[in-house]
Amino acid sequence: MKQSSIKEILESLGYELTDHNHYYTTRAEYRSGENPGSLGIYPRNNLVIDFVTGQKFSIKKLIALTLKLESEEDVKIWLNKKQFVLPKFEIVNPEIKMPKTYPTEWLNDLLEIHDYWNVRGISSETLKPFRCGLRSKTAGKMVGRYVFTVWNSQNQLVGLAGRDVTNKSKTRWQLMGTKSEWLFPLFLNADIIKKKKEIILLEGIPDVLSCFEAGIKNCICLFGTEMSLKVLNMLIKFDIKKIIITLNNDGPGMEASEKLQNRLLKYFDRRRIQIVLPPGPGKDMNDLLNNGGVDSIHHCIYGIK
């Protein structure tokens, strides 16, 4: 019999696959899942990942779970009856790189001097939970910068983001760590996002701080205009019902927002996604806070004055 493709076999089981070149995404039909991006299928690795449950198993196991078969021998019988022949898998064990972590002693070198952000409309009360401050050492990395700490779900320090407050550096922000692994500030607002089932995608830390100042805490920082796979997997895992894209209203802002929306449409219904840019060219959330107060942020995001 002719060798069958994984796509052909899974589509016969009712899986609607979205092709991403080296892998597929689909609904978790085996457990009657509804999210079209909750399952990742990697034929080269003979690997299936359920992003919602965190389970990992083989493609044969997926077939068995879908058909409610008890053993791999039953899978072979079903394949033979359907005249399907599984391809030989090229088992490629991907190199697993653990995100770098930093000693929590970093916190000892951060002074609670918030003048820079206070002038920008962010209160010291808002800043305190972020475990941030001015780097106090006279030498070394991040000196002269106001540093925000990034934490993972195991309460490990996995990143540092420092804003130059001296106006002497050519780079306003300096990042340390694996940015693609960051979910900031999920160590503060994970429960809020899970409960609300709604999230606001923001471009930078000042946007997050401004929203927190306005009492809007169901947001996450993209550290730019592109969304990492880590953030996408989080949206799927939390089963987010509404996603508000609020990037800066600069030249590429709308283009980047539409690109982000198109990527999300592969996994979420169009009715769940909304693009909301700050009014006026060159504006961001911090501009709104300083020019119109917290009410202007609420009005921008939710249309509430």
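Residues numbered from 1 in each chain as written. Predicted model: local features only at pLDDT ≥ 70, side-chain atom pairs only at ≥ 80, totals over all residues. Heavy atoms only, no water.

Focus on the environment of Thr66
Position of Thr66 among the secondary structure elements: in helix 2 (residues 59-67). Expressed as a C-alpha distance, the spacing of Thr66 and Tyr15, which sit 51 residues apart in the sequence, is 9.9 Å. Every residue in contact with Thr66, bar those within four places of it in the chain, is listed here: Leu13, Tyr15 and Tyr30. A distance of 2.6 Å separates polar atoms of two side chains, one belonging to Thr66 and the other to Tyr15. (Helix = DSSP H or I, 4+ residues; strand = E, 2+ residues; numbered from the N terminus. Contact = heavy atoms within 4.5 Å. Polar contact = N/O pair within 3.5 Å; in protein donor to acceptor, adjacent residues only side chain to side chain.)

Considerations on the pairing of strand 13 (residues 242-246)
The buried count for strand 13 comes to 4 of 5 residues, which makes it a mostly enclosed element. Note: strand 11 (residues 198-202) against strand 13, 5 bridges, orientation parallel. Across the sheet, Ile199 pairs through a bridge with Ile243, a residue of strand 13. Summarising the sheet, strand 13 and strand 14 (residues 273-275) pair through 3 bridges and their orientation is parallel. Each residue of the ladder has a partner; that of Ile244, found in strand 14, is Gln274. Once you follow strand 13 into helix 9 (residues 253-264) and on to strand 14, the crossover reads as right-handed. (Buried < 20%, exposed > 50% of the residue type's maximum accessible area, 1.4 Å probe, protein only. Pairing = 2+ DSSP bridges. Right-handed = clockwise from strand over helix to strand, strands pointing away.)

Some thoughts on the nonpolar core
Counting 32 residues, the largest nonpolar core has Phe148 and Ile297 as its most contacted members. If you list the elements that add at least two residues to this core, you get strand 8 (145-151), strand 9 (157-164), strand 11, helix 7 (205-213), strand 12 (219-221) and helix 10 (285-302). The element best represented in this core is helix 10, accounting for 6 residues. Leave out the neighbours within four places in its chain, and Ile297 touches Ser210, Cys211, Ala214, Ile216, Met285, Leu288 and Leu289. Ranked by size, the runner-up nonpolar core spans 29 residues in total, among them Leu186, Ala190, Ile220 and Leu260. (Core = buried A, V, L, I, M, F, W, Y, C linked by side-chain atoms within 4.5 Å.)

Thoughts on the sheet that holds strand 14
With parallel pairing, 4 strands are arranged side by side in an open sheet as 12-11-13-14. Here the strands that pair on one side only, and so sit at the sheet edges, are strand 12 and strand 14. Averaged over all adjacent pairs, the angle separating strand axes in this sheet is 20 degrees, with direction ignored. Direction of pairing for strand 11 relative to strand 12: parallel, over a ladder of 3 bridges. If you follow Leu202 over to strand 12, its bridge partner there is Cys221. (Axes fitted to C-alpha atoms, helices over the stretch in contact; angles between N-to-C directions.)

With respect to the layout of surface pockets
In this structure, the second largest pocket encloses a volume near 400 Å³. Every residue lining the second largest pocket is counted, 17 residues in all, and those nearest its centre are Arg172, Trp173, Gly204, Pro206 and Asn248. Elements supplying a minimum of two residues to the lining of the second largest pocket: strand 9, strand 10 (173-177) and helix 7. (1 Å grid on protein atoms, 1.4 Å probe; cavity = no way out; pocket = protein on both sides within 12 Å on 5 of 7 lines; lining within 4 Å. Points joined across faces, edges and corners; volume = space filled by probe spheres on them.)

A word on helix 2
Residues Ile59, Leu62, Ile63, Ala64 and Thr66 constitute the buried set of helix 2. Those residues of helix 2 that are buried are in contact with helix 1 (6-12), strand 3 (39-42), strand 4 (47-50), strand 5 (56-57) and helix 3 (72-81). Where helix 2 terminates, the next one or two residues include Lys68, which has phi positive at roughly 60 degrees.

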